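Given next are the chains, with one letter for each unit.
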Amino acid sequence: MNVHDSEHIRGVMEEAGFLLGGSPADAQVIIYNTCAVRKSAEDKVWGSLGSLSSRKKDGQTVVVTGCMARKYGIEFLRKGKTVDAILGIESISRIPELASMRISTPFCELVSTWDSSIESLPTKRTISTKALVPVSLGCSKECAYCIVPIVRGPERSRKPGDILREVLSLASSGVVEVVLLGQNVNSYGHDFSGGINFAKLLRKVADVPGIKRVRFETSHPSDLSIDIVDSIAEIDEVCKHVHLPLQSGSNKILSLMGRGYSKEEYEDIAQEIRKKIPGVTLTTDIIVGFPGETEKDFSETIDVLGRVGFENAYLFKYSPREGTRASRMFVDDVSEQEKQHRLEILNIVQERQTMRALESLVGSTLEVLIENRARKGEYFLGRAPGNQVVLVGADGLREGMLVSVRIVKAGKHSLRGVAEKVVGRSC
Ligand code: SAH
Ligand code: SF4
């Protein structure tokens, strides 16, 4: 979601005549689009602002937006003179005006309602054929560790008509893949009457002429209905990849987190997905070192990781977030050293699994959607339906092509392949 917000920021700035700069030193405006999910993300922003303070040039405007702007507000001003404007993400269309004014008095605008949307603002994407499309904003779950509902507000579904109009317009501008975004896409539509739900939305988006691939994230295990699993299995355009955050493999920790499912329930859903969607890629998020997590709880997480056999996983150390239920109710009692240790163990286990999953694809032929040139230019970088990154020799290819690729090699995080033919059909 944060990446998508940045696309809007770039769109707004370019429309006003600003260009993306090479380095902060030469920039007229420096914009921090911040994330508050973990302390490590915040530390980077504080550190960067600190080192900018002595290098900031006359006439440069420094703007902070995103979730930290909402969380800290004018605290950014108390920490020195580096920051000129603090804007809620809904106010990013003010940036060009503020930059042109060369404001001398710090400016702060944090809209207090969750009604405003930035979806009508211009967008500038880095991959021309793939677009991120929010289907809902905010989140109404109450995971104890999570700051998202506090900084992004309760879940609001976007109207299906608005989403479809956007996808239609994207398709007519050459977009062939859309990624439907929401903190919990599975509960899409729960705030509307009229019977629209995520399964129906998937079908409608896949039916838009020109759209060859539909991806979506994130799924919440409690709301992933059989209907949705069936839709993923049945609709050709929907990529066979489900990102299903587990967070922990211990029932005690899941309950303290308030996730609303047990490890047995999670494993049942994962099994159902694998049964109904052959060849599906299952990925997950896991937090280690949540308050009260013992060696035994952690070993249960390793067990579930192995049993489900995730193709990939994003692993995080628990980071207490002020204002969340966990930070009010629990002591952060797993030491930093122990969190790091658990993270490393889990990393080793998952890396092996990821490698095995990638190696199992060597010799197969996958449909790869070409996204952009890889750094040295000899290769194009594309994605297989399961979201694996595939490097393909560049001859005769271009962005947006759907190519049948024979996989010849597996690396730690990506595949290498040879293009066999350009195909006109969906994944
Ligand atoms: N809506 C999604 C993702 C939200 S944030 C979901 O429900 O899964 C992305 C991931 O960051 C989460 O899945 C979680 O694993 C991690 N995360 C969120 N808050 C965290 C915290 N306080 N400490 C460590 N990791 C956290
Ligand atoms: Fe945070 Fe839970 Fe909502 Fe995901 S579902 S954004 S982890 S509160």
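Residues numbered from 1 in each chain as written. Chains lettered and ligands numbered in written order. Predicted model: local features only at pLDDT ≥ 70, side-chain atom pairs only at ≥ 80, totals over all residues. Heavy atoms only, no water.

S.K.: Looking at this structure, I do not really get the sheet that holds strand 1 (residues 29–34). What am I missing?
M.R.: Across a sheet, paired strands are connected by hydrogen bonds in the backbone, their directions being either parallel or antiparallel. The four strands lie next to each other as 1-2-3-4, forming an open sheet whose pairing is parallel. Single-partner strands in this sheet number two, and they are strand 1 and strand 4 (107–109). Between one strand and the next, the sheet's axes are offset by a mean angle of 15°, whatever the strand orientation. Direction of pairing for strand 1 relative to strand 2 (residues 61–66): parallel, over a ladder of six bridges. Among the inter-strand pairings, N33 is bridged to a residue of strand 2, identified as T65. Strands strand 1 and strand 2 of the sheet are contacted by helix 2 (residues 39–53), whose axis makes an angle of about 165° with strand 1. (Pairing = 2+ DSSP bridges. Helix = DSSP H or I, 4+ residues; strand = E, 2+ residues; numbered from the N terminus. Axes fitted to C-alpha atoms, helices over the stretch in contact; angles between N-to-C directions. Contact = heavy atoms within 4.5 Å.)

S.K.: Even after reading the chapter, I still don't get the sheet that holds strand 8 (residues 177–181), so can you show me in this structure?
M.R.: Reading across the sheet, the three strands line up as 5-8-9 and stay open at both edges, with parallel pairing between neighbours. A strand with exactly one partner marks an edge of an open sheet, and here the two such strands are strand 5 (130–134) and strand 9 (213–217). Put simply, the sheet's adjacent strands are angled 20° from each other on average, direction ignored. As defined by bridge partners, strand 5 adjoins strand 8 across five bridges and the pair is classed as parallel. Bridge pairing links L132 to V179 in strand 8. Strand contacts of helix 7 (residues 160–172): strand 5 and strand 8, with the helix running at about 170° to strand 5, the strand carrying the most contacts. Helix 8 (residues 198–206) rests against strand 8 and strand 9 of the sheet, and its axis sits at about 150° to strand 9.

S.K.: Explain the nonpolar core here, please?
M.R.: The nonpolar side chains of a soluble globular protein tend to be buried with one another. Among the nonpolar cores identified, the biggest contains 53 residues, and V178, L180 and I273 are the most heavily contacted of them. The element that contributes the greatest number of residues to this core is helix 8, accounting for six residues. Grouped together as the second largest cluster of nonpolar side chains are 18 residues, Y32, M68, Y72 and V83 included. (Core = buried A, V, L, I, M, F, W, Y, C linked by side-chain atoms within 4.5 Å. Buried < 20%, exposed > 50% of the residue type's maximum accessible area, 1.4 Å probe, protein only.)

S.K.: Sorry if this is basic, but what is going on with the site of ligand 1 here?
M.R.: Contacts to ligand 1 come from 15 residues, most closely from R38, Q183, Q247, D285 and S319. Between Q247 and ligand 1, the recorded distance is 2.7 Å, taken from a side-chain N or O atom to an oxygen atom. One of the side-chain N or O atoms of D285 is found 2.6 Å from an oxygen atom in ligand 1. Against a free-state accessible area of 530 Å², the protein chains account for coverage of 90% of ligand 1. (Near = heavy atom within 4 Å. Polar contact = N/O pair within 3.5 Å; in protein donor to acceptor, adjacent residues only side chain to side chain. Areas by Shrake-Rupley, 256 points an atom, 1.4 Å probe, with all protein chains shown as cover.)

S.K.: Quick question: what am I supposed to make of the packing of aromatic side chains here?
M.R.: For any pair of aromatic rings, the description consists of the separation of the ring centres together with the inter-plane angle of the planes. Tallying each qualifying case throughout the model produces 10 aromatic pairs. Plain terms: the ring middles of Y145 and F290 are 6.4 Å apart, the flat faces sit at 85° to each other, and that makes the pair edge-to-face. Here Y145, found in the loop between strand 6 (136–137) and helix 6 (148–152), pairs with F290, found in the loop between strand 11 (281–288) and helix 12 (295–308); they are 145 residues apart in sequence, far enough to count as distant. Comparing Y145 with F290, the two get one shared label, buried. Aromatic side chains F290 and Y318 sit 5.2 Å apart centroid to centroid with 70° between the ring planes, which places their arrangement in the edge-to-face category. One end of the pair, F290, is in the loop between strand 11 and helix 12; the other, Y318, is in the loop between strand 12 (312–317) and helix 13 (325–329), and 28 residues separate them in sequence. Taken as a pair, F290 and Y318 share a single burial class, namely buried. Here the aromatic residues Y145, F290, Y318 and F330 are joined through ring pairs into a cluster of three or more. The residue whose ring lies beneath R38 is F316, and the NZ or CZ to ring-centre distance is 3.7 Å. (Phe/Tyr/Trp six-rings, centres within 6.5 Å; stacked < 30°, edge-to-face > 60°. Lys NZ or Arg CZ within 6 Å of the ring centre and 35° of its normal.)

S.K.: Honestly, the domain arrangement of the protein chain in this entry has me stumped. Any pointers?
M.R.: Where the parts come together, the accessible area they lose is often given as the size of the interface. What the domain assignment reports for the protein chain is domain 1 (2–109), domain 2 (130–359) and domain 3 (365–424). For domain 1 and domain 3, the distance between their C-alpha centroids amounts to 36 Å. (Domains from an automatic or database assignment.)

S.K.: Can you help me understand the pattern of salt bridges in this one?
M.R.: What the rule picks out here adds up to 33 salt bridges. For the salt bridge of E311 with R274, the shortest nitrogen-to-oxygen distance reads 3.2 Å. Linking E311 in the loop between helix 12 and strand 12 with R274 in helix 11 (residues 263–276), this pair joins segments that are 37 residues apart in sequence. (Salt bridge = Lys/Arg side-chain N within 4 Å of Asp/Glu carboxyl O.)

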